[in-house]
Amino acid sequence: MLEVAVSVRNTGAREGQEVVQLYTRDPVASRSRPLRELKAFEKIALKPGETKRVTLRVPVESLGFHLDDGTTLVEAGAIQVFVGGSSLAEPAGEAEIVRTFRIPPMERRAAVSTSVAQ
């Protein structure tokens, strides 16, 4: 699980809302990958001067991509992480996937069904 925690502060004089967004990028993948992929977000409301801590979580399986046969492939290597209010979010750091693994299509479907049922 990739977990990123950030503090968001309303520096204005009015109440406001913000959508905190987490994007990832795999700069060295075996297939061409998007420059940034939205992986998690949370909408929060803030009073003037208020600060809130937001924790965004991304399952490691979501950091991979699908092969032609439907298999999900998660490749070892660095994943760049960006957090902010838009796709122009600032870099927040890197995460390291330590080993490459595959999830066959049927296992992925079973895992999703199980988590929905709980």
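This report concerns the structure included in the present document.

Conventions and cut-offs
- Per chain, residues are indexed from 1 in the order of the written sequence.
- Whole-chain, interface and lining totals are the exception, using all residues; otherwise, since this is a predicted model, local features are given only for residues with pLDDT of at least 70 and side-chain atom pairs are given and counted only at 80 or more.
- Hydrogens and water are ignored here; the side-chain numbers use all heavy atoms of the structure.
- Definition of nonpolar core: a set of buried residues of the types Ala, Val, Leu, Ile, Met, Phe, Trp, Tyr and Cys, connected through side-chain atoms within 4.5 Å.
- Relative accessibility under 20% of the residue-type maximum defines a buried residue, over 50% an exposed one, and the middle range a partly exposed one, all with a 1.4 Å probe and only protein chains included.
- By the criteria applied, helices consist of DSSP H or I runs no shorter than four residues and strands consist of E runs no shorter than two, each listed in order from the N terminus.
- Note on contacts: a residue pair is in contact if any heavy atoms of the two residues lie within 4.5 Å.
- Strand pairing follows a simple DSSP-based rule, namely that at least 2 bridges must link the two strands.
- Note on definitions: angles span 0 to 180 degrees between N-to-C directions of axes, and those axes are lines fitted to C-alpha atoms, for helices only across the stretch in contact.

## Description of the nonpolar core
Now for step 1: In terms of nonpolar packing, the biggest core is built from 21 residues, with L2, V20 and L22 touching the most fellow members.
Now for step 2: By residue number, the principal contributor to this core is strand β1 (residues 2-9), which donates four residues.
Now for step 3: In contact with V20, other than residues within four places in its own chain, are V6, V8, A40, F41, E42, I44, V54, L56, V83 and G84.

## Things to note about the environment of V83
Now for step 1: Relative to the helices and strands, V83 resides in strand β7 (residues 77-84).
Now for step 2: Taking the C-alpha atoms as reference, V83 lies 8.2 Å from V6; in sequence the two are 77 residues apart.
Now for step 3: Not counting the four nearest positions on each side in its chain, V83 is found in contact with V4, V6, V20, Q21, L22, A89, E90 and A92.

## Structural notes on the sheet that holds strand β8 (residues 90-97)
Now for step 1: The strand order across the open sheet built from four strands is β3-β2-β7-β8, with neighbouring strands paired in antiparallel fashion. Every other strand in the sheet has two partners, leaving β3 (37-46) and β8 as the edge strands with one partner each. Each strand axis lies, on average, 20° off the axis of its neighbour in the sheet, ignoring direction.
Now for step 2: Here β7 runs beside β8; their pairing, made up of seven bridges, is antiparallel. Looking across to β8, one finds that V83 is bridged to E90.

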